[in-house]
Amino acid sequence: MNDSIRPETLQLSNADSEFDVTLFRAKDATECILFASGLGGNPLRHLEFLQGIARQGISVIAPHFELLSSPFPVKAELLERVQRLDVTAAEFCTNYRSLTGVGHSLGTVILLMQAGAIASTLAREEVAFNGKKIPDRLVLLAPPADFFRAPRSLNSVRIPVEIWVGAMDKVTPPSQAIFLNELLKEHAGGGVHIIEDAEHFTFMNTLPPQVIDPHPSRNEFLQWLAGKVSQFIA
């Protein structure tokens, strides 16, 4: 186990834009996590959770995304995020034995697209992406299901998928996680875990403004979750 993992932030380019990537490089790591944050786009709001995974000897690579003003991203915004994820994986995740995608909220949509899913926008536009580096497994934290209501939208996802959701989540309630799990388990495997006293933002170390988390010990929970995610990867 690595006791001290200091993050470093580098820059990559996608088309005509540059973006930051934060890396937690564990010494002698053979497994890598590609982390996708939610609407706000800043993985540093999950800093201690990601450090907890890195302390287990797993490298974590986390691209930054632009803050979205609407919870209903359009096709171009979804593609921009999945392209950044793909560029990041190609640059930093090629020398590991396995690659696991871990994401929160909207980040889970991007990861599912990278694994072959076809998302649908609010305007009912289909969005698909043929990534160069398909993850070996996925961990989805508080995933939204409405992007994948169309028939066969998840049929191409054929890797293990583990889902975590808060019992008190009103943004992406447990019913959405259960719906996704029912569709995925036929050809992907995995399972869904419902956490008592947790809501949508319990999975973040740094909460958005004006959000009050009901969980009595969020940071301790996130360190425990980091251990569970590491076990799923091992």
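Above this text you will find the structure in question.
Residues numbered from 1 in each chain as written. Predicted model: local features only at pLDDT ≥ 70, side-chain atom pairs only at ≥ 80, totals over all residues. Heavy atoms only, no water.

## Points about the overall build of the chain
Then step 1. Helix and strand counts for the chain stand at 5 helices and 10 strands.
Then step 2. A globule of 234 residues ought to have a C-alpha radius of gyration of about 17 Å, and the chain, at 16 Å, matches this closely.
Then step 3. Here the C-alpha coordinates of the chain stretch approximately 45 × 45 × 35 Å along the principal axes.
Then step 4. The long-range share in the chain, meaning contacts at least 24 apart out of those at least 6 apart in sequence, stands at 72%.
Then step 5. Carbon and sulfur atoms form 48% of the exposed surface of the chain, whose accessible area is close to 10700 Å². (Helix = DSSP H or I, 4+ residues; strand = E, 2+ residues; numbered from the N terminus. Rg over C-alpha atoms; globule rule 2.2 N^0.38 Å. Contact = heavy atoms within 4.5 Å. Areas by Shrake-Rupley, 256 points an atom, 1.4 Å probe, with all protein chains shown as cover.)

## Let's talk about the side chain of R81
Then step 1. In this fold, R81 is placed in helix α2 (residues 75-92).
Then step 2. Of the side chains with opposite charge, E77 lies nearest to the buried R81, which makes no salt bridge, at 7.6 Å.
Then step 3. Within polar-contact distance, the side chain of R81 engages the backbone oxygen of G38 at 2.7 Å. (Buried < 20%, exposed > 50% of the residue type's maximum accessible area, 1.4 Å probe, protein only. Lys, Arg positive; Asp, Glu negative; His and termini not counted. Salt bridge = Lys/Arg side-chain N within 4 Å of Asp/Glu carboxyl O. Polar contact = N/O pair within 3.5 Å; in protein donor to acceptor, adjacent residues only side chain to side chain.)

## Points about the pairing of strand β10 (residues 190-195)
Then step 1. Across 6 bridges, the pairing between strand β9 (residues 161-166) and β10 is parallel. When the sheet's bridge partners are listed, V165 is paired in β10 with I194.
Then step 2. Once the chain exits β9 it traverses helix α4 (residues 174-184) before rejoining the sheet at β10, and the crossover so formed is right-handed. (Pairing = 2+ DSSP bridges. Right-handed = clockwise from strand over helix to strand, strands pointing away.)

## Topic: α4
Then step 1. All buried positions along α4 are accounted for by P174, Q176, A177, L180, N181 and L184. Down the axis of α4, the buried side of the element spans an arc of 160°, and every buried residue falls inside it.
Then step 2. Along its buried surface, α4 packs onto β9 and β10. (Arc of directions from axis to C-beta.)

## Concerning the side chain of E162
Then step 1. Looking at the secondary structure, you find E162 in strand β9.
Then step 2. Although buried, E162 forms no salt bridge, and the nearest oppositely charged side chain, K228, lies 8.4 Å from it.
Then step 3. E162 has contacts with L138, V139, L140, G191, H193 and F232, leaving out every residue within four places of it along the chain.

## A word on the packing of aromatic side chains
Then step 1. What the rule picks out here adds up to 3 aromatic pairs.
Then step 2. Taking the centre distance of 5.9 Å and the plane angle of 65° together, the rings of F203 and F221 count as edge-to-face. One end of the pair, F203, is in the loop between β10 and α5 (218-233); the other, F221, is in helix α5, and 18 residues separate them in sequence. For the pair F203 and F221, a shared accessibility class is recorded, and that class is buried.
Then step 3. Taken together, the ring pairs connect W164, F203, F221 and W224 into an aromatic cluster.
Then step 4. Of note, R149 hangs over the ring of F179, and the distance from its end group to the ring centre comes to 4.2 Å. (Phe/Tyr/Trp six-rings, centres within 6.5 Å; stacked < 30°, edge-to-face > 60°. Lys NZ or Arg CZ within 6 Å of the ring centre and 35° of its normal.)

## Some thoughts on the sheet that holds strand β8 (residues 137-141)
The strands making up a sheet associate through backbone hydrogen bonding, with each pair oriented either parallel or antiparallel.
Then step 1. Read from one edge to the other, the open sheet built from 8 strands follows the order β1-β2-β4-β3-β5-β8-β9-β10, with strand pairing classed as mixed. Two strands bound the open sheet, and with one partner strand each, they are β1 (8-14) and β10. Averaged over all pairs of adjacent strands, the angle between strand axes in this sheet comes to 20°, irrespective of strand direction.
Then step 2. Sheet strands touched by α2: β1, β2 (17-24), β3 (31-36), β4 (59-63) and β5 (98-104). Its angle to β1, the strand with the most contacts, is close to 120°. (Axes fitted to C-alpha atoms, helices over the stretch in contact; angles between N-to-C directions.)

## Comments concerning the pairing of β4
Then step 1. Here β4 lies mainly inside the structure; 5 of its 5 residues are buried.
Then step 2. By the alternation rule, side chains of β4 split into S59, I61 and P63 and V60 and A62, which are all buried.
Then step 3. Direction of pairing for β2 relative to β4: antiparallel, over a ladder of 4 bridges. When the sheet's bridge partners are listed, F24 is paired in β4 with V60.
Then step 4. Pairing geometry for β3 and β4, over 3 bridges, is parallel. Across the sheet, residue I33 finds its bridge partner in β4, namely V60.

## Concerning the pattern of salt bridges
Then step 1. Tallying each qualifying case throughout the model produces 7 salt bridges.
Then step 2. One salt bridge in this structure joins E66 and R84, with 3.2 Å as the shortest N-O distance. Of this pair, E66 sits in the loop between β4 and α2 while R84 sits in helix α2, and the two are 18 residues apart along the sequence.
Then step 3. R84 gets classed as buried once you look at its relative accessible area, which sits at 3%.
Then step 4. With a closest N to O distance of 2.8 Å, E80 and R84 form a salt bridge.

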